[in-house]
Amino acid sequence: MTTKQEILETIELRQSTLKTWLSCPLMYRFRHIDKLEPAFRYPGTIHGSALHMVLKQLHDGEMDGDLRSLYIKALNHYLYASDESHIPVRWKRDMAKEIEALTKNGVEILENYRSKAYNRDAIVLFSEVPFRVKILGYLFTGTMDQCRKNVDGTISLIDFKSSKMRPNQYAIPNDLQLTLYSYALKFGEVLVDDIWVKPNMMVDSVGIYFLRGHEVYKRKVVGKEIGDEKGSPFMMTTKTIQDLRAFRHEIRAQLSAMVKPWYYPNTASCSFCTYATHCVSRNDNVPEKDAELAHELLAELKLA
Ligand code: SF4
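Since this is a predicted model, take the numbers as computed values, not measurements. (Residues numbered from 1 in each chain as written. Predicted model: local features only at pLDDT ≥ 70, side-chain atom pairs only at ≥ 80, totals over all residues. Heavy atoms only, no water.)

Asker: Whenever I open this one, the overall build of the protein chain confuses me. Can you help?
Answerer: Looking only at helices and strands, the protein chain features eleven helices and seven strands. Over its C-alpha atoms the protein chain spans a radius of gyration of 21 Å, differing by no more than 12% from the 19 Å that the globule rule assigns to 304 residues. In the protein chain, 41 side chains carry a positive charge and 38 a negative one; their mean positions are 4 Å apart. (Helix = DSSP H or I, 4+ residues; strand = E, 2+ residues; numbered from the N terminus. Rg over C-alpha atoms; globule rule 2.2 N^0.38 Å. Lys, Arg positive; Asp, Glu negative; His and termini not counted. Charge placed at Lys NZ, Arg CZ, Asp CG, Glu CD.)

Asker: Is there a simple way to explain the site of the ligand in this structure?
Answerer: Close to the ligand lie Cys-24, Met-27, Phe-30, Pro-265, Asn-266, Ser-269, Cys-270, Cys-273, Ala-276 and Cys-279, which account for all nearby residues. Of all the secondary structure elements, the ones that give two or more residues to the shell around the ligand are α3 (25-33) and α10 (276-280). A breakdown of the residues in the shell around the ligand according to their chemical character gives eight nonpolar, two polar and no charged. (Near = heavy atom within 4 Å. Nonpolar A, V, L, I, M, F, W, Y, C, P; charged D, E, K, R; others polar.)

Asker: What is the right way to read the pattern of salt bridges from this model?
Answerer: Side chains bearing opposite charge may pair, as long as their charged atoms lie close to each other. Within this structure, the stated rule accounts for 13 salt bridges. The partner of Lys-56 in a salt bridge is Asp-60, and the shortest N-O contact between them spans 3.1 Å. Residue Lys-56 and its partner Asp-60 are both found in helix α4 (residues 43-62); the two are separated by four residues, about one turn of the helix. Its relative accessible area of 29% is what places Lys-56 among the partly exposed residues. With its nearest N and O atoms 2.7 Å apart, the salt bridge here joins Glu-189 to Arg-132. Of the two residues, Glu-189 sits in strand β4 (residues 189-192) while Arg-132 sits in strand β1 (residues 123-135), which places them 57 residues apart along the sequence. (Salt bridge = Lys/Arg side-chain N within 4 Å of Asp/Glu carboxyl O. Buried < 20%, exposed > 50% of the residue type's maximum accessible area, 1.4 Å probe, protein only.)

Asker: Would you mind going over the packing of helix α2 (residues 15-23) against helix α9 (residues 241-258) with me for this structure?
Answerer: Packed helices, taken two at a time, are described by the angle between their axes plus the distance between the axes. Contact geometry of α2 with α9 gives a least axis separation of 12 Å together with a crossing angle of 75°. Considering the angle they form, α2 stands roughly perpendicular to α9. Between α2 and α9, the contacting residues are Thr-17, Leu-18, Trp-21 and Leu-22 on the first element and Ile-251, Gln-254, Ala-257 and Met-258 on the second. Considered class by class, the residues forming the contact of α2 with α9 number six nonpolar, two polar and no charged. (Axes fitted to C-alpha atoms, helices over the stretch in contact; angles between N-to-C directions. Parallel < 35°, antiparallel > 145°, perpendicular 65-115°, else oblique. Contact = heavy atoms within 4.5 Å.)

Asker: I tried to follow the packing of α4 against helix α5 (residues 67-81) on my own but got confused; where do I start?
Answerer: At their nearest, the axes of α4 and α5 sit 8 Å apart, and the two run at 130° to each other. In terms of orientation, α4 lies oblique with respect to α5. Crossing angle aside, the handedness with which α4 passes α5 is right-handed. Residue-level inspection shows Ile-46, His-47, Ser-49, Ala-50, Leu-51, Met-53, Val-54, Gln-57, Leu-58 and Glu-62 of α4 in contact with α5, the latter providing Leu-67, Leu-70, Tyr-71, Ala-74, Leu-75, His-77, Tyr-78 and Leu-79. Of the residues contributing to the contact of α4 with α5, the split by class is 13 nonpolar, four polar and one charged. (Left-handed = near helix turned anticlockwise from the far one by under 90°.)

Asker: Would you take a moment to explain the environment of Lys-92 for this structure?
Answerer: Here Lys-92 lies in the loop between α5 and α6 (95-114). Considered as a pair, Lys-92 and Gly-106 are 14 residues apart in the sequence and their alpha carbons are 18 Å apart.

Asker: Help me understand unusual backbone geometry in this model?
Answerer: Even without a glycine there, the phi angle at Leu-136 is positive, about 50°. Mapped onto the secondary structure, Leu-136 falls in the loop between β1 and β2 (138-149).

Asker: Hey, could you run me through the nonpolar core in this one?
Answerer: The nonpolar side chains of a soluble globular protein tend to be buried, and buried together. Core analysis: the biggest nonpolar cluster contains 47 residues, and Met-144 and Leu-185 have the highest contact counts within it. If we ignore the near neighbours within four places in the chain, the residues touching Met-144 are Ser-127, Glu-128, Val-129, Phe-131, Leu-157, Tyr-181, Ala-184, Leu-185 and Val-190. Among the nonpolar cores identified, the runner-up in size contains 23 residues, and Val-54, Leu-75, Ile-158 and Leu-211 belong to it. (Core = buried A, V, L, I, M, F, W, Y, C linked by side-chain atoms within 4.5 Å.)

Asker: What is the right way to look at the sheet that holds strand β6 (residues 205-210) in this model?
Answerer: Hydrogen bonding along the main chain pairs the strands of a sheet, whether they run parallel or antiparallel. Across the sheet, which stays open at both edges, the seven strands sit in the order β5-β4-β1-β2-β3-β6-β7 with mixed pairing between neighbours. Both edges of this open sheet fall to β5 (195-197) and β7 (234-237), since each of them pairs with a single strand only. Across the sheet, the mean angle from the axis of one strand to that of its neighbour is 35°, orientation sign disregarded. Here eleven bridges tie β1 to β2, and the two strands are oriented antiparallel to one another. Directly across from Phe-126, in β2, lies its bridge partner Cys-147. (Pairing = 2+ DSSP bridges.)

Asker: Would you explain the side chain of His-32 in this entry?
Answerer: Here His-32 shows up in helix α3. In this view, His-32 contacts Thr-10, Ile-11, Ser-16, Thr-17 and Thr-20; residues no more than four positions away in its chain are not counted.

Asker: Would you mind going over the domain arrangement of the protein chain with me for this structure?
Answerer: Interfaces are often described in size by the accessible area the parts lose on coming together. Entries for the protein chain in the domain assignment read domain 1 (4-36 + 257-300) and domain 2 (37-115). Residue-level contacts link ten residues of domain 1 with six residues of domain 2. Considering only the side of domain 1, the residues that lose the most area to domain 2 are Leu-36, Phe-272 and Thr-274, jointly responsible for 59% of the buried surface there. In this assembly, domain 1 and domain 2 are joined by one salt bridge. For the interface between domain 1 and domain 2, the tally reads three residue pairs in polar contact (both at pLDDT 80 or more). (Domains from an automatic or database assignment. Buried area = accessible area lost by both parts, 1.4 Å probe. Polar contact = N/O pair within 3.5 Å; in protein donor to acceptor, adjacent residues only side chain to side chain.)

Here it is as structure tokens:
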């Protein structure tokens, strides 16, 4: 694939495309241009998807539901019934034990999430809602985790994160995905009950809701007691209309790099990469035709 047009016709400009691109340009090529599947899925990723699903359900009338049962149903959906279910999960130890540990962690996070008045009393305007927005003539799509009206009347746009490590607070104001969501709420459309609507909304704050902040300490640490929660989940920032306008230029710069047909490895991401097997089997110095021929010969010798 050599031309900008071919690449543009192949990739889908989703927020996840942007996320992969920013994480490793080579991974972006494997995933979004070559359309290769990851070699495996992490249990932690499936855990995150299950938590997202239950959080939506809580605000859709299940606030006092049975968290264990909601979580297990959601986890089973991602394990066995989603469109990625055929990709193997890389369990670290015994699968049943690991599922039990994930369930315990999920229930702990969800229990502490729903115990907070600021969550129970928030009015959720959009939850896991698809969006679309044109930027410089290109259509960007994705899904927003949550947009809520807080008890003090302010409106927040929230991206739930379930990673073990707390994101860097200083990176939040420059997070392109968060700006993309804010941009879409102001200039784009969201899909509500199968109808595309234009919220034309500037939110008061946008940021990450770090779900692991609801985990509790199991051992005593300095300044904290056993059972205390790990910290505030909110990592917020603000966006002005000038920020949103400047974002168009940022997107233009990223997009022009994304459609150039060469992609550099970002080895900082390699240790966790689900594309590592695709990556190590590539050799940019050998022409594709020769590589294919070599693979065929190896296959004949039953070595490939
Ligand atoms: S193994 Fe490293 S360089 Fe290769 S795709 Fe993954 S993150 Fe990128």
